[in-house]
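Next come the chains, spelled out residue by residue.
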Amino acid sequence: MKFTETKLGGAYLIEPERLEDERGFLARTFCREEFVTHGLNPNMVQCNISFNKKKGTLRGMHYQVAPYEEAKLVSCIRGVIYDVIIDLQSDSPTYWQWFAVELSSENYKMLYIPKGFAHGFQTLKNNTVVFYHMSEFYHPECARGVRWDDSAFGIDWPIKQLIISSKDNSYKHFKVININRPLKDYAW
């Protein structure tokens, strides 16, 4: 596997190295040893899929707070997504910065998202399926989100006419959340 660190420290774009022959190819998509070598959390405890019927569907921006912060490994196994992460670690030099990459069933790329990052995506094709590996079990009491359209981040979403859940659309703007106390201490 090829690991390329993004502009946001600790977040990696991972590309499988294909072993090809006349039948097609074989590629490793996870290796505990390689994750450890690159300083990534290899302890994935849960896997999820997200099926999205329509192009333009936006999910995000989600994260979990302590004590159940989670790392994620995200891939797109059908269709195409514009995958976005935001660094929410207040002690990070890339705090409030975002990074985006296209993940698809054709490029086989994956995005490793460390703890302390918000994650979301927008589908670029109908009937898109996203596959997640999670380092922590889902704990609804620790689930949080920030606005997908928050001017504090200025994310440039490729499709302006979008489909979004009322829950994702109800998240507060980060500046509002961040005014009084550190994000990790904020509980709704």
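Above this text you will find the structure in question.
Just so it is clear, the model here is predicted, and its values are computed rather than measured. Just so you know, the residues in each chain are numbered from 1, in the order the chain's sequence is written. Reporting in this predicted model follows two pLDDT cut-offs: at least 70 for local features of residues, and 80 or more for side-chain atom pairs to be given and counted; totals over whole chains, interfaces and linings ignore these cut-offs and use all residues. For the side-chain quantities, the full set of heavy atoms in the structure was used; hydrogens and water were omitted.

1. As for the side chain of S135
Operational definition: Going along the chain from the N terminus, every DSSP run of H or I of four or more residues is numbered as a helix, and every run of E of two or more is numbered as a strand. When accessible area is computed with a 1.4 Å probe and restricted to protein chains, residues below 20% of their type maximum are described as buried, those above 50% as exposed, and intermediate ones as partly exposed. We define a polar contact as two N or O atoms separated by no more than 3.5 Å, with the added condition that, inside protein, one atom must be a possible hydrogen donor and the other a possible acceptor, whereas residues neighbouring each other in sequence contribute only through side-chain atom pairs. The contact criterion used is simple: two residues touch if any of their non-hydrogen atoms lie within 4.5 Å.
Along the polypeptide, S135 turns up in the loop between strand 12 (128-134) and strand 13 (143-145). With a relative accessible area of 9%, S135 lands in the buried category. Polar contacts involving the side chain of S135 include one to the main-chain amide nitrogen of A71, which spans 2.7 Å. Those residues within four positions of S135 in sequence are excluded, and the remaining contacts are N41, N43, M44, V45, E69, E70 and A71.

2. As for the pattern of salt bridges
Quick note on the threshold: The term salt bridge refers to a side-chain nitrogen of Lys or Arg lying within 4 Å of a carboxyl oxygen of Asp or Glu.
For the coordinates displayed, the defined rule picks out five salt bridges. K72 serves as the salt-bridge partner of E70, at 3.9 Å between the closest nitrogen and oxygen. In this structure E70 comes out as buried when scored by relative accessible area, which is 10%. Taking relative accessible area as the criterion, K72 reaches 7% and is therefore assigned buried. Between K160 and D156 there is a salt bridge, with the nearest N and O atoms lying 3.1 Å from each other.

3. What about the environment of W98?
You can see W98 is positioned in strand 9 (residues 98-104). For W98, a relative accessible area of 19% gives the class buried. The residues contacting W98, other than those within four sequence positions of it, are K7, L8, Y82, V84, I85, I86, F153, G154, I155 and D156.

4. Quick notes on empty space enclosed by the protein
The condition that has to hold: Space inside and on the surface of the protein is sampled on a 1 Å grid over the protein atoms alone, with a cavity defined as a set of points where a 1.4 Å probe fits but cannot get out and a pocket as an open set with protein on both sides within 12 Å along at least 5 of 7 lines; lining residues have an atom within 4 Å of a point. Grid points are joined across faces, edges and corners, and a volume is the space filled by probe spheres set on the points.
For the structure on display, the rule yields one cavity of 30 Å³ or more. One number sums up the size of the largest cavity: a volume of about 50 Å³. In terms of lining residues, the largest cavity is bounded by Y63, Q64, E70, K72, I113, P114, K115, G116 and F117.

5. Details of the sheet that holds strand 2 (residues 12-15)
Let me state the cut-off plainly: Being paired, for any two strands, means DSSP has found at least two bridges between them. Each axis is a line fitted through C-alpha atoms, and for a helix only the stretch in contact is used; angles between axes span 0 to 180 degrees, taken between their N-to-C directions.
If you trace the six strands from one edge of the open sheet to the other, you get 1-2-10-7-12-5, paired in antiparallel fashion. Among the strands making up the open sheet, the edge pair consists of strand 1 (2-5) and strand 5 (46-52). Averaged over all pairs of adjacent strands, the angle between strand axes in this sheet comes to 25°, irrespective of strand direction. Two elements, strand 7 (residues 72-78) and strand 10 (residues 110-113), share four bridges in a ladder whose sense is antiparallel. The residue bridging V74 from the neighbouring strand is L111, located in strand 10.

6. A closer look at the packing of aromatic side chains
The test is simple: Here is the rule: rings of Phe, Tyr and Trp (six-membered ring for Trp) pair when centre to centre is within 6.5 Å. Planes less than 30 degrees apart are stacked, more than 60 are edge-to-face, and the remainder are tilted. The rule is short: NZ of Lys or CZ of Arg within 6 Å of the ring centre and within 35 degrees of the ring normal puts a charge over the ring.
Tallied over the full model, the rule gives eight aromatic pairs. On the numbers, 5.8 Å between centres and 80° between planes, the contact of F3 with F35 is edge-to-face. With a gap of 32 residues between them, F3 in strand 1 and F35 in helix 1 (residues 32-37) connect regions that are remote in the sequence. Measuring from ring centre to ring centre gives 4.8 Å for F30 and F35, while their planes differ by 50°; the resulting arrangement is tilted. Ring-pair connections join several aromatic residues into one group, and the members of that group are F3, Y12, F30, F35 and Y112. Sitting above the plane of the F25 ring, R18 keeps its charged end 4.5 Å from the centroid.

7. Considerations on the nonpolar core
Selection criterion: The nonpolar core is taken to be a set of buried Ala, Val, Leu, Ile, Met, Phe, Trp, Tyr and Cys residues, with the residues joined through side-chain atoms within 4.5 Å.
Counting 20 residues, the largest nonpolar core has M61, I86, V146, F153, I155 and W157 as its most contacted members. Put simply, the parts of the chain that give this core at least two residues each are strand 6 (57-64) and strand 8 (80-87). Considering every element that reaches this core, the biggest residue donor is strand 8, with four residues. Those residues in contact with F153, other than ones at most four positions away along the chain, are I86, L88, W96, W98, V146, R147 and F174. The next biggest cluster of nonpolar side chains, apart from the first, holds 17 residues, and it includes L8, L13, C76 and L111.

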